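Listed below are the residues making up each chain.
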Amino acid sequence: CTSQSDAQRALTNAGYTEVQAGGYDWFACGKDDFYSTKFTANNPAGQPVSGVVCSGLLFKSATIRF
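Fair warning: this is a prediction, and the values are worked out from it, not measured in the lab.

Q: So what exactly am I meant to see when it comes to the sheet that holds strand S3 (residues 48-55) here?
A: By way of backbone hydrogen bonds, the strands of a sheet pair with one another, either parallel or antiparallel. If you walk across this open sheet you meet the 4 strands as S1-S2-S3-S4, and the pairing is antiparallel. Looking along the sheet, the strands with just one partner apiece sit at the ends: strand S1 (17-21) and strand S4 (63-65). Strand-to-strand twist of the sheet, defined as the mean angle between neighbouring strand axes without regard to direction, takes the value 30 degrees. Of the strand pairs in this sheet, strand S2 (residues 35-42) and S3 are connected by 8 bridges, and their pairing is antiparallel. Pairing of asparagine 42 across the sheet is with proline 48, part of S3.

The following block contains the structure:
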């Protein structure tokens, strides 16, 4: 499962711009994560990056992983 809204919110709140989220990454997140959403964006310094936003179903917040 992916959650583009969680990924967009987490990345925007962390200062990332031009966020493109979508796609599932099977092995990027931990056992307590329900959602795994791949992304590409520009980091706060303006450099292009890619990674995964991992988030839980109810109580776990989002984690950005590179």
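Q: Any chance you could explain the nonpolar core here in plain terms?
A: A general tendency of soluble globular proteins is for nonpolar side chains to be buried together. Ala7, Ala10, Leu11, Tyr16, Val19, Phe39, Ala41, Val49 and Val53 together form the largest nonpolar core, which totals 9 residues. Elements supplying a minimum of two residues to this core: helix H1 (4-13), S2 and S3. Examining the composition of this core, we find that 3 residues originate from one element, H1, more than from any other. Dropping the residues within four chain positions of it, valine 53 is found in contact with Ala7, Ala10, Leu11, Tyr35, Ser36, Thr37, Phe39, Ala62, Thr63 and Ile64.

Q: What is the right way to read the pattern of salt bridges from this model?
A: If charged atoms from side chains of opposite charge come close, those side chains can pair. Counted according to the given criterion, the structure contains 2 salt bridges. We note a salt bridge from arginine 9 to aspartate 6, for which the minimum N-O separation is 2.6 Å. Within this pair, arginine 9 and its partner aspartate 6 are both found in helix H1, separated by 3 residues, close to a single helical turn. Its relative accessible area of 19% is what places aspartate 6 among the buried residues. Put simply, lysine 31 and aspartate 32 hold a salt bridge, and the shortest N to O gap is 3.9 Å. Aspartate 32 matches lysine 31 in its accessibility class, with the two residues each being exposed.

Cut-offs used in this document
- Residues numbered from 1 in each chain as written.
- Predicted model: local features only at pLDDT ≥ 70, side-chain atom pairs only at ≥ 80, totals over all residues.
- Heavy atoms only, no water.
- Pairing = 2+ DSSP bridges.
- Helix = DSSP H or I, 4+ residues; strand = E, 2+ residues; numbered from the N terminus.
- Axes fitted to C-alpha atoms, helices over the stretch in contact; angles between N-to-C directions.
- Core = buried A, V, L, I, M, F, W, Y, C linked by side-chain atoms within 4.5 Å.
- Buried < 20%, exposed > 50% of the residue type's maximum accessible area, 1.4 Å probe, protein only.
- Contact = heavy atoms within 4.5 Å.
- Salt bridge = Lys/Arg side-chain N within 4 Å of Asp/Glu carboxyl O.

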